[in-house]
Amino acid sequence: MDYLTVVNTALAYADRANDPEAVANIDNMLRIVEAKVNRGLLVMASTTRIQVPIVDATKEYYDLPAGFSSFRSIKIVTTTDITAERYTLTYLTPTLMDEKISFNLEGDWYTIEANKVWIHSEKLAVGNYIEYVNYADLTPLSSVATTNWLSLSIVTGKQIG
């Protein structure tokens with residue numbers, strides 16, 4: 001179900017298709033529904049996998065993935081195919097991460113600080129990849145972004161969760 005279908009259905013259901021106030025508030029209504037879905041919906045359909053090439057082994061801070069809601073895992077992988085060696089990073093609080101770094105302790109860790117992912121690992125090597133597996137928020141429906149994974153699953157009948 002795309003944006004236009006949702007809008008037309010809502011206006012027809014409310015019997016207010018010609019009411020400019022109702023039409024003007026459709027996007028606001030969608031934001032309320034999408035916010036509730038984003039808070040409660042952590043299912044496989046909302047999971048994304050992103051692999052970011054490591055081009056600077058001294059870089060510690062990386063951008064959060066687009067649409068980030070929460071992580072399932074972060075790994076360092078040696079390739080982007082099935083032959084990859086995978087090293088899962090352990091989440092630490094920012095305070096604990098500071099302590100581990102201050103005492104030069106070895107390990108494979110990450111934390112989130114100031115909207116960045118802070119990674120500490122000897123596997124941060126040029127040629128390897130950071131693999132994020134995270135839950136993504138719904139892309140808000142609008143006249144520009146007329147579909148998202150949830151609206152497409154309704155059309156196809158694909159079960160979510």
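Here's what I pulled together on the structure shown here.

**A word on the pattern of salt bridges**
And then number 1: With the rule as written, the count across this model stands at three salt bridges.
And then number 2: One salt bridge in this structure joins Glu-131 and Arg-49, with 3.1 Å as the shortest N-O distance. Note that Glu-131 is positioned in strand β8 (residues 129–136) and Arg-49 in strand β1 (residues 47–53), a separation of 82 residues in sequence.
And then number 3: Lys-123 is the partner of Asp-108 in a salt bridge, and the nearest nitrogen-oxygen pair spans 3.1 Å. Note that Asp-108 is positioned in the loop between α4 (94–102) and β6 (109–113) and Lys-123 in the loop between β7 (116–120) and β8, a separation of 15 residues in sequence.

**Observations regarding the pairing of strand β3 (residues 68–77)**
And then number 1: Across eight bridges, β3 lies against β8 in antiparallel orientation. The partner of Ser-70 across the bridge, within β8, is Tyr-135.

**Focus on the nonpolar core**
And then number 1: Grouped together as the largest cluster of nonpolar side chains are 12 residues: Ile-54, Tyr-62, Phe-71, Ile-74, Ile-76, Leu-89, Tyr-110, Val-117, Ile-119, Leu-124, Ile-130 and Tyr-132.
And then number 2: Those elements giving two or more residues to this core turn out to be β3, β7 and β8.
And then number 3: Looking at this core, the element that brings in the most residues is β3, giving three residues.
And then number 4: Setting aside residues no more than four positions away along its own chain, Tyr-132 makes contact with Thr-48, Arg-49, Ile-50, Val-52, Tyr-62, Asp-63, Pro-65, Phe-71, Ser-73, Ile-74 and Val-117.
And then number 5: Val-6, Ala-22, Ile-26 and Leu-141 belong to the second-largest nonpolar core, a separate cluster that totals nine residues.

**So, the side chain of Asp-108**
And then number 1: One polar contact links Asp-108 to Ser-121, side chain to side chain, over a distance of 2.6 Å.
And then number 2: At 3.1 Å, the side chain of Asp-108 forms a polar contact with the side chain of Lys-123.
And then number 3: Once residues lying within four places of it in the same chain are set aside, the contact partners of Asp-108 are Thr-88, Leu-89, Thr-90, His-120, Ser-121, Glu-122 and Lys-123.

**Examining the sheet that holds β3**
And then number 1: Taken in spatial order, the four strands line up as β1-β8-β3-β4 in an open sheet, and their pairing is antiparallel. Two strands bound the open sheet, and with one partner strand each, they are β1 and β4 (86–88). Ignoring which end each strand starts from, the neighbouring axes of this sheet average 30° apart.
And then number 2: Of the pairings in the sheet, the one linking β1 to β8 comprises seven bridges and is antiparallel in character. The partner of Val-52 across the bridge, within β8, is Ile-130.

**Thoughts on the sheet that holds β6**
And then number 1: Spatially, the four strands line up as an open sheet ordered β2-β7-β6-β5, and their pairing is mixed. Either end of the sheet is taken by a strand with one partner, and the two such strands are β2 (61–63) and β5 (90–91).
And then number 2: Relative to β7, β6 runs antiparallel, the two sharing five bridges. When the sheet's bridge partners are listed, Trp-109 is paired in β7 with His-120.

Cut-off values and rules
Residues numbered from 1 in each chain as written. Predicted model: local features only at pLDDT ≥ 70, side-chain atom pairs only at ≥ 80, totals over all residues. Heavy atoms only, no water. Salt bridge = Lys/Arg side-chain N within 4 Å of Asp/Glu carboxyl O. Helix = DSSP H or I, 4+ residues; strand = E, 2+ residues; numbered from the N terminus. Pairing = 2+ DSSP bridges. Core = buried A, V, L, I, M, F, W, Y, C linked by side-chain atoms within 4.5 Å. Buried < 20%, exposed > 50% of the residue type's maximum accessible area, 1.4 Å probe, protein only. Contact = heavy atoms within 4.5 Å. Polar contact = N/O pair within 3.5 Å; in protein donor to acceptor, adjacent residues only side chain to side chain. Axes fitted to C-alpha atoms, helices over the stretch in contact; angles between N-to-C directions.

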